[in-house]
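In case you want the letters, here they are:
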Amino acid sequence: MNTTDNSESILKEIDLKFQAINQKTDVQLEGLLWSKPITYWDYIQTDALLNLQIQRTTLPDEMVFIMYHQVNELIFKMILWEIDQIADTENIQVDFFSERLSRITRYFDMLTNSFSIMENGMEVDQYMKFRNTLTPASGFQSAQYRMIEFASTDVINLTDRRYKANFDENTDLETSFEHLYWQAAGKDYHTGEKSYLLQEFEKKYKGQFLRQMADFKTKNIWKKFTQLPVEDQQNSELIKAMRHYDHTVNITWVMQHLNTAIKYILESGKGNGEATGGSDWQKYMHPKYQRRIFFPKLWSEEELSNWGNEPGA
């Protein structure tokens, strides 16, 4: 095909594209005459992105803290983007499922390996000063992280283990929401009342969370895995990939976060041991207490009973 034929073919495809949405092709093409050529900084929105780091103090290391968490939120968005592709694909095939799961896991592996930036990238004195300006905000309030949880597994697996025996897949979402594992960390453990941290979090996101819980009830990662042919569900490499994702999110990544918090809040000897949001953060974060497991059917009874108790955890 010569250049002329190729151009004609492209123009025909463009014409069909605009006909399909009831638009005039010549109007669209004329618009191209006046459009600006794209630049890297406009496409990536570099200027806007680099102006989102607003410090609340004059301490230089606060910028490390802000940027690191913003990077985390961008990676969370990438993860949700891939999960949506799995969830919204009808008659999903194992190759597509495995490829997207691999992408998701690589993103979480990157998050896990990046914690040295936080652990070793800030002076303890600076951190202990600027963290006071964050109160009562907390990483607990990352809505995207909660969305990832809802999109990964059945809600029963995110339920506070003290109540799981009384719940099943038919429990209404409002009741399930009130008994999610992280609710306990957002309540005053003396009075049982919801903290300001949790109240504001729910005021902002509860409606969105309930919609996410309902939407992913039949199409979370676990549900899509069970929709694969039986022989694919028994594939050892795919099972290994599912287990790796589960372990990375719910043990490895959590422990990296916890150990970093311990270094600054406890081992430094310069704080009172309390989280900025007031939660019982050690019990909330440690996997052996919460036993949050996305895919419990892929683990042995022994592995489940020892969840979070392995060396280094």
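Above this note sits the structure.
Since the model is a prediction, treat every value here as computed from it, not as a measurement.

Trainee: Just give me the short version of the nonpolar core, but keep the residues and values in it.
Mentor: Ranked by internal contacts, the top residues of the largest apolar core, which has 68 residues, are Ile79, Ile83, Phe97, Phe108, Trp182, Met242 and Tyr245. Put simply, the parts of the chain that give this core at least two residues each are α5 (61-87), α6 (94-113), α7 (115-120), α8 (124-130), α9 (143-152), α11 (196-215), α12 (221-226) and α14 (236-267). Among the elements that take part in this core, α14 stands out by supplying eleven residues, more than any other. When sequence neighbours within four positions are dropped, the list of residues in contact with phenylalanine 108 reads Phe76, Ile79, Tyr145, Ile148, Tyr245, Thr248, Val249 and Trp253.

Trainee: Report on the packing of α5 against α6, specifying residues and quantitative values.
Mentor: Orientation of α5 relative to α6, taken along the N-to-C sense of each, is 170°, at an axis distance of 9 Å. Relative to α6, the element α5 lies roughly antiparallel. Residues Tyr68, Asn72, Ile75, Phe76, Met78, Ile79, Glu82, Ile83, Gln85 and Ile86 of α5 lie in contact with α6, whose contacting residues are Phe96, Phe97, Arg100, Leu101, Arg103, Ile104, Tyr107, Phe108, Met110 and Leu111.

Trainee: Give a detailed account of the packing of aromatic side chains, specifying residues and quantitative values.
Mentor: Enumeration over the complete set of coordinates arrives at 29 aromatic pairs. For the ring pair phenylalanine 76 and tryptophan 253, a centre distance of 6.1 Å and an interplane angle of 75° mean the geometry is edge-to-face. You can see phenylalanine 76 sitting in helix α5 and its partner tryptophan 253 sitting in helix α14, a full 177 residues away along the chain. Assigned by exposure class, phenylalanine 76 and tryptophan 253 land together as buried. Taken together, the aromatic side chains of Tyr68, Phe76, Phe97, Phe108, Phe115, Tyr145, Trp222, Phe225, Tyr245, Trp253, Phe294 and Phe295 make up a single cluster linked through ring pairs. For the cation-ring pair, lysine 204 lies above tyrosine 205, with the distance from its terminal atom to the ring centre recorded as 5.8 Å.

Each value, and the rule that gives it
Residues numbered from 1 in each chain as written. Predicted model: local features only at pLDDT ≥ 70, side-chain atom pairs only at ≥ 80, totals over all residues. Heavy atoms only, no water. Core = buried A, V, L, I, M, F, W, Y, C linked by side-chain atoms within 4.5 Å. Buried < 20%, exposed > 50% of the residue type's maximum accessible area, 1.4 Å probe, protein only. Helix = DSSP H or I, 4+ residues; strand = E, 2+ residues; numbered from the N terminus. Contact = heavy atoms within 4.5 Å. Axes fitted to C-alpha atoms, helices over the stretch in contact; angles between N-to-C directions. Parallel < 35°, antiparallel > 145°, perpendicular 65-115°, else oblique. Phe/Tyr/Trp six-rings, centres within 6.5 Å; stacked < 30°, edge-to-face > 60°. Lys NZ or Arg CZ within 6 Å of the ring centre and 35° of its normal.

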